[in-house]
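# Descriptive analysis of the structure
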Amino acid sequence: MKRFLISAGFLLLLAFPVLAKSNKPLIEKGKLALASERTPSIYQSYWPYIQSIGLSATQAELNDKQTVMVFRRHYSEITSGSSVSIKSILPETPLRFKTFTASDGKNYKVPDIISMSALFGFLQDARDTQIDVRLHLLINQNTTPAYFFYEDYDTSKPLVSTAEMNARLEWYIRTIIEYVINWQDRWSKSRNVVSSIDVISEVFSDDGTLRSGASSMWARLYGDESFAVNAFVYVTRYAGDLFELCYCDYSLDLPKKLNAVIGLVEKIRAAGGKIDQIGVTSHLAVDWPEYEPFFSSIKTLAGKDLKVFLQNLDFDGVEGRENERAICESYYSFLTKCLQNSPYIYGISFRGFKREPKQQFVDLCENPLFENDYSCNEAFYNVIKAAEDFAK
């Protein structure tokens, strides 16, 4: 009997590697532990200097328990994607209408049926992560349906007046804000899931002028940035102080564009709107931008009583160089510079989670900090090393 037990035990030892290899959940659990338990937390590493560490997340990622465990370990904020896109909420073709009384006291025709299913699903999943949520973007100039700007919502007819467009903008913002507030009252009474809202982005070209009419129907109809000012005024009117409000843009190291954005902030505040944050879109490359003007613009914005967030941070390589090494070095050098300027930077949000190429906002994210199996890659360790070396 003893000999039989010894033999059986020996056979089990021989078989164990095969069994382990065939047991995929156990392997994934081990790799998840590498990412969430046995390595330093990004958020905890940066917390003494940067108050918010975020990530752009999809609803599919929020539905994955292992992914959520990693999120909880490393991030304090998640940013939504297409869930709050105006294109996903407005109907493809409006067929039924109702009357909306705008703040000018007049009645206007607005769509009667819109879809909140994607927003509802994202909020439900985000609530369960116990991480703060940033809604991005409330008004997306690139995805607003063309019919929204025309009389009777018919593109064969003339553009509506700015007064009617203001009413449509007010109706849309009021609808979304009231929906989020009511959702939180019903489904998340213990805390506010949504902490901040990216109201609108990219109003200006690099030279500080208004985006051309071809790239923004909003700019074409208004002829100035008043639509962006009105958007903040309407969100302030219906949300009060429930959420922090943010304007997002890129290339703010360019003086003319920076001045245009500062002018917009001043106009928003003069009109009675609230603006708390500036999101500096940070799709960077290993040889761009120059650090001095980039961080100088951040100091200027912080001096305007604005919290500065570096949003969607990632790095692209340059042909002819050792891309992966250069990207890792860029994460280290850039984040070291961020830490040196931490009095002016409230938060940093990374663009994507895992290495697998996927649609994230406009284009692909191929250089995140985690692999498909949840293990941390070299870029991750360079992010951690920047904080560790700065602390020394």
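To start, this report covers the structure provided alongside it. The structure presented is a predicted model; accordingly, all values stated were derived computationally and were not measured.

What follows is about the pattern of salt bridges. Taken as a whole and assessed by the stated rule, the structure comprises 18 salt bridges. Residue Glu77 pairs with Arg134 through a salt bridge whose shortest N-O separation is 3.1 Å. Residue Glu77 is located in strand E2 (residues 77–79), and its partner Arg134 is located in strand E5 (residues 132–135); the two are separated by 57 residues in the primary sequence. The pair Glu77 / Arg134 is uniform in exposure class, with both members buried.

Our focus in this paragraph is the side chain of Arg127. Tracing the backbone through its elements, the reader meets Arg127 in helix H7 (residues 117–129). Using a relative accessible area of 19% as the deciding quantity, one classes Arg127 as buried. What Arg127 contacts, discounting residues up to four positions off in sequence, is Trp183, Trp187, Ser188, Arg191 and Val193.

What follows concerns the packing of aromatic side chains. In this structure the tally under the stated criterion is 28 aromatic pairs. Seen in terms of ring centroids, Phe148 and Tyr153 are 6.4 Å apart; in terms of plane orientation they differ by 45 degrees. Their pairing is tilted. Phe148 sits in the buried class, given a relative accessible area of 0%. Here Tyr153 falls in the buried class, since its relative accessible area comes to 7%.

The subject of this paragraph is empty space enclosed by the protein. On inspection of all chains with the given rule, the structure shows 2 cavities of 30 Å³ or more. Of the voids in this model, the largest cavity is the one considered here, and its volume is about 50 Å³. Each residue belonging to the lining of the largest cavity can be placed in one class, and the counts come to 7 nonpolar, 2 polar and 1 charged. Each pocket or cavity is described by its volume, and for the second largest cavity that value is around 30 Å³.

Moving on, we come to the sheet that holds strand E9 (residues 307–316). Spatial strand order, E1-E2-E5-E6-E7-E8-E9-E10: 8 strands in a closed barrel with parallel pairing. The average undirected angle you get between the axes of adjacent strands in this sheet is 25 degrees. Against the sheet, helix H10 (residues 226–239) contacts strand E6 (194–201) and strand E7 (244–249), and its axis sits at roughly 160 degrees relative to E6.

Where helix H12 (residues 291–302) contacts helix H13 (residues 323–340), the axes come no closer than 11 Å and their chain directions differ by 40 degrees. In terms of orientation, H12 and H13 fall into the oblique class. Between H12 and H13 the crossing geometry is right-handed. The segment H12 lies against H13, with Tyr291, Phe294 and Phe295 engaging Ser330, Ser333, Phe334, Lys337 and Cys338. Class assignment of the residues belonging to the contact of H12 with H13 gives a composition of 5 nonpolar, 2 polar and 1 charged.

Looking now at the side chain of Asp276. Among the secondary structure elements, Asp276 is positioned in the loop between helix H11 (255–270) and strand E8 (277–285). At 2.8 Å, the side chain of Asp276 and the backbone nitrogen of Leu245 are in polar contact. Contact partners of Asp276, with chain neighbours within four places excluded, come to Phe243, Glu244, Leu245, Asp305, Leu306 and Lys307.

Criteria and thresholds
For every chain, the first residue of its written sequence is number 1, and the numbers climb from 1 along that sequence. Only residues with pLDDT of 70 or above have their local features reported here, since the model is predicted, and side-chain atom pairs are shown and tallied only from 80 upward, although totals for entire chains, interfaces and linings are computed over all residues. Note that the side-chain values use all heavy atoms of the structure and ignore hydrogens as well as water. The salt bridge definition used is simple: a Lys or Arg side-chain nitrogen within 4 Å of an Asp or Glu carboxyl oxygen. Comment: elements are numbered from the N terminus, with helices defined as DSSP H or I runs of at least four residues and strands as E runs of at least two. Between buried and exposed lies partly exposed: a residue is buried under 20% and exposed over 50% of the maximum accessible area for its type, with that area taken using a 1.4 Å probe on protein chains only. Whether two residues are in contact is decided by their heavy atoms: any pair within 4.5 Å suffices. The aromatic pairing rule takes the rings of Phe, Tyr and Trp, using the six-membered ring of Trp, and pairs them if the centres are within 6.5 Å, calling planes under 30 degrees apart stacked, those over 60 edge-to-face and the rest tilted. Residues are called lining when one of their atoms sits within 4 Å of a cavity or pocket point, these points coming from a 1 Å grid over the protein atoms alone, where a cavity is a set in which a 1.4 Å probe fits but cannot get out and a pocket is an open set with protein on both sides within 12 Å along at least five of seven lines. Grid points are joined across faces, edges and corners, and a volume is the space filled by probe spheres set on the points. Under the scheme applied, nonpolar residues are Ala, Val, Leu, Ile, Met, Phe, Trp, Tyr, Cys and Pro; charged residues are Asp, Glu, Lys and Arg; polar residues are all the others, including Gly. Any two strands between which DSSP finds at least two bridges are classified as paired. A fitted line through C-alpha atoms represents every axis, and for helices the fit uses only the stretch in contact; the resulting angles, taken between N-to-C directions, go from 0 to 180 degrees. Note that the term roughly parallel is reserved for angles under 35 degrees, roughly antiparallel for angles over 145, roughly perpendicular for angles of 65 to 115, and oblique for everything else. Handedness of a crossing follows from how the near helix is turned relative to the far one, being left-handed for an anticlockwise turn of less than a right angle and right-handed for a clockwise one. Polar contact is defined as a pair of N or O atoms within 3.5 Å, subject to the rule that within protein one atom must be able to donate a hydrogen and the other to accept it, and that residues adjacent in sequence are counted only when both atoms are side-chain atoms.

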